[in-house]
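Here is how the chains run, residue by residue.
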Amino acid sequence: MSGAEVGLVLSVLTACAVEAVEALTIVLAVGVARSWRSAFTGVGAALLALAVITAALGPAVTALPLGVLRVVVGGLLLVFGLQWLRKAILRASGLKALHDELAAFEEERAAARAAGVLGGPGRGLDPYSFTVAFKGVLLEGLEVVFIVLTFGANQHNVPLAAAAAAVAVLGVAAAGVVAHAPLSRVPENTLKFGVGVMLTSFGIFWGAEGAGAHWPGGDAALLAIVPATLACALGMVAALRARTDARRSAVSA
Amino acid sequence: MSRLRAFGAFLWDFVVGDDWRIALGVVVALSVTAVVAGAGLSAWWIMPVATVGLLAASLWRAAG
């Protein structure tokens, strides 16, 4: 293998692993917190859509308006993420019952069934898990296809770039299989808090990027956005707890 | 018609959720980001600031 080919493999492997980790984070989050079946159905549907798009457009896939897709997916993820985070913060600060989510989820399913969106009992899909997993995998998958086509075409070796991408994606997927069991043992509201932080962080990142902003450090900005979002959310829990405690003290005094 | 109404209600709840101001705020923040970035100015900071503001305001309202 020549030096240029080694460089191509390493570049594609790293870039695709980053995209795959982003997709995996989202799939793990909704799978563990809500529904594995619906999350995997979303992944399957996204892979199918990705295959159809790639087969139909071929190299022309690089002409797709990725910015528009990012801003729509990022905006929706941010709205979903903020809904999750809002509820998780209210629960963590004692302003909302810890176990009301199951009832709300069942209400939502009943409404969805009434609307003909879901099947009957046992056959239904959780629309949140499906949609979030579908969007995350489709967007990241498209980015992997872009990377393979652009890097591969530059070095006149698309098959080698595709092989490197496949190794990266399969490696990250295997890591996900290992990670899902320990994640399943995390308490429910902690998990939902984490999912809210991750969806909100990805929503901020993709939404801003899709709207034309450039993040300092590119994809590495996520390494700052995620902890910053977590710190803000924990700060809000602390502030709400202090406010609630102060009110209770004032009432009992 | 009732199925259509039920589907509309489901879609609203699915996309917008408990606080419609959050969804509206996200759309406004993305639009401002696009305008500022389009003018060639640094715009990456707008979404994080808007997100923190929207979440804090929504929690404040919910807490009463």
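The text that follows walks through the structure, step by step, so that each part is easy to find. This one's a predicted model, so the numbers in the text were calculated from it and none came from an experiment.

Assigned secondary structure in chain B consists of 3 helices and 0 strands. Relative to a compact globule of 64 residues, whose C-alpha radius of gyration would be 11 Å, chain B shows 16 Å and is clearly more extended. Out of the 64 residues belonging to chain B, those deemed buried represent 33%.

Glancing now at the overall build of chain A. Within chain A, the secondary structure is distributed over 8 helices and 0 strands. Walking chain A from its N terminus toward its C terminus, one meets helices and strands in the order α-α-α-α-α-α-α-α. Put simply, chain A has 253 residues, and 44% of those count as buried. If you take every contact in chain A between residues at least 6 apart in sequence, the share linking residues at least 24 apart comes to 84%.

So, on to the packing of helix 7 (residues 188-210) of chain A against helix 3 (residues 46-63) of chain B. Two elements in contact, helix 7 of chain A and helix 3 of chain B, have axes separated by 9 Å at closest approach and are oriented at 140°. In terms of their interaxial angle, helix 7 of chain A and helix 3 of chain B are classed as oblique. The two elements helix 7 of chain A and helix 3 of chain B cross, and the hand of that crossing is right-handed. On helix 3 of chain B, the residues touching Thr200(A), Ile204(A), Gly207(A) and Ala208(A) of helix 7 of chain A are Ile46(B), Met47(B), Pro48(B) and Thr51(B). For the contact of helix 7 of chain A with helix 3 of chain B, the class distribution of residues is 5 nonpolar, 3 polar and no charged.

Moving on: the interface of chain B and chain A. The interface is formed by 34 residues belonging to chain B together with 35 residues belonging to chain A. Listed by contribution, the elements that provide at least two residues to the side of chain B that touches chain A are helix 1 (2-15), helix 2 (20-38) and helix 3 of chain B. Tallying contributions element by element places helix 3 of chain B first for the side of chain B that touches chain A, with 12 residues. Taken together, the residues that form the side of chain B that touches chain A break down as 25 nonpolar, 5 polar and 4 charged.

Residue and element names in this part refer to chain A. In this structure, Leu-160 sits in helix 6 (residues 158-184). Residue Leu-160 is classed as partly exposed on the basis of its C-beta count, with 18 C-beta atoms lying within 10 Å. Spatially, the C-alpha atom of Leu-160 lies 8.1 Å from that of Leu-8, the residues being 152 residues apart in sequence. Contacts of Leu-160, omitting those with residues within four sequence positions, involve Glu-5, Leu-8, Val-9 and Gly-152.

What follows covers the nonpolar core. Core analysis: the biggest nonpolar cluster contains 85 residues, and Val12(A), Cys16(A), Val27(A), Val30(A), Ile89(A), Ala133(A) and Ala165(A) have the highest contact counts within it. Ranked by residues supplied to this core, first place goes to helix 1 (residues 3-33) of chain A with 16 residues.

Residue and element names in this part refer to chain B. Along its 19 residues, helix 2 runs 27 Å from first to last C-alpha, staying within 8% of the 27 Å computed at 1.5 Å per residue. Ile-22, Ala-23, Gly-25, Val-26, Ala-29, Leu-30, Thr-33 and Ala-34 are the residues of helix 2 that are buried. After helix 2 finishes, the residue Gly-40 shows a positive phi value of roughly 85°.

Residue and element names in this part refer to chain A. Assignment of secondary structure puts Thr-190 in helix 7. Here Thr-190 falls in the exposed class, since 11 other C-beta atoms lie within 10 Å of it. Spatially, the C-alpha atom of Thr-190 lies 7.8 Å from that of Ala-88, the residues being 102 residues apart in sequence.

A few words on the packing of helix 3 (residues 66-92) of chain A against helix 3 of chain B. For any two helices packed against each other, the geometry comes down to the angle between their axes and how far apart the axes lie. Here helix 3 of chain A crosses helix 3 of chain B at 40°, and the two axes come no closer than 10 Å. When the interaxial angle is binned, helix 3 of chain A and helix 3 of chain B end up oblique. Where helix 3 of chain A crosses over helix 3 of chain B, the handedness of that crossing is right-handed. Note on element contacts: helix 3 of chain B touches helix 3 of chain A through Thr51(B), Leu54(B), Leu55(B), Ser58(B), Leu59(B) and Ala62(B), opposite Leu78(A), Leu82(A), Leu85(A), Arg86(A), Ile89(A) and Leu90(A). Here the residues of the contact of helix 3 of chain A with helix 3 of chain B are counted per class, giving 9 nonpolar, 2 polar and 1 charged.

Conventions used here
- Residues numbered from 1 in each chain as written.
- Chains lettered and ligands numbered in written order.
- Predicted model: local features only at pLDDT ≥ 70, side-chain atom pairs only at ≥ 80, totals over all residues.
- Helix = DSSP H or I, 4+ residues; strand = E, 2+ residues; numbered from the N terminus.
- Rg over C-alpha atoms; globule rule 2.2 N^0.38 Å.
- Buried ≥ 20, exposed ≤ 12 C-beta atoms within 10 Å, placed from the backbone.
- Contact = placed C-beta atoms within 7 Å.
- Axes fitted to C-alpha atoms, helices over the stretch in contact; angles between N-to-C directions.
- Parallel < 35°, antiparallel > 145°, perpendicular 65-115°, else oblique.
- Left-handed = near helix turned anticlockwise from the far one by under 90°.
- Nonpolar A, V, L, I, M, F, W, Y, C, P; charged D, E, K, R; others polar.
- Core = buried A, V, L, I, M, F, W, Y, C linked by C-beta atoms within 7 Å.
- Expected span 1.5 Å × (residues − 1).

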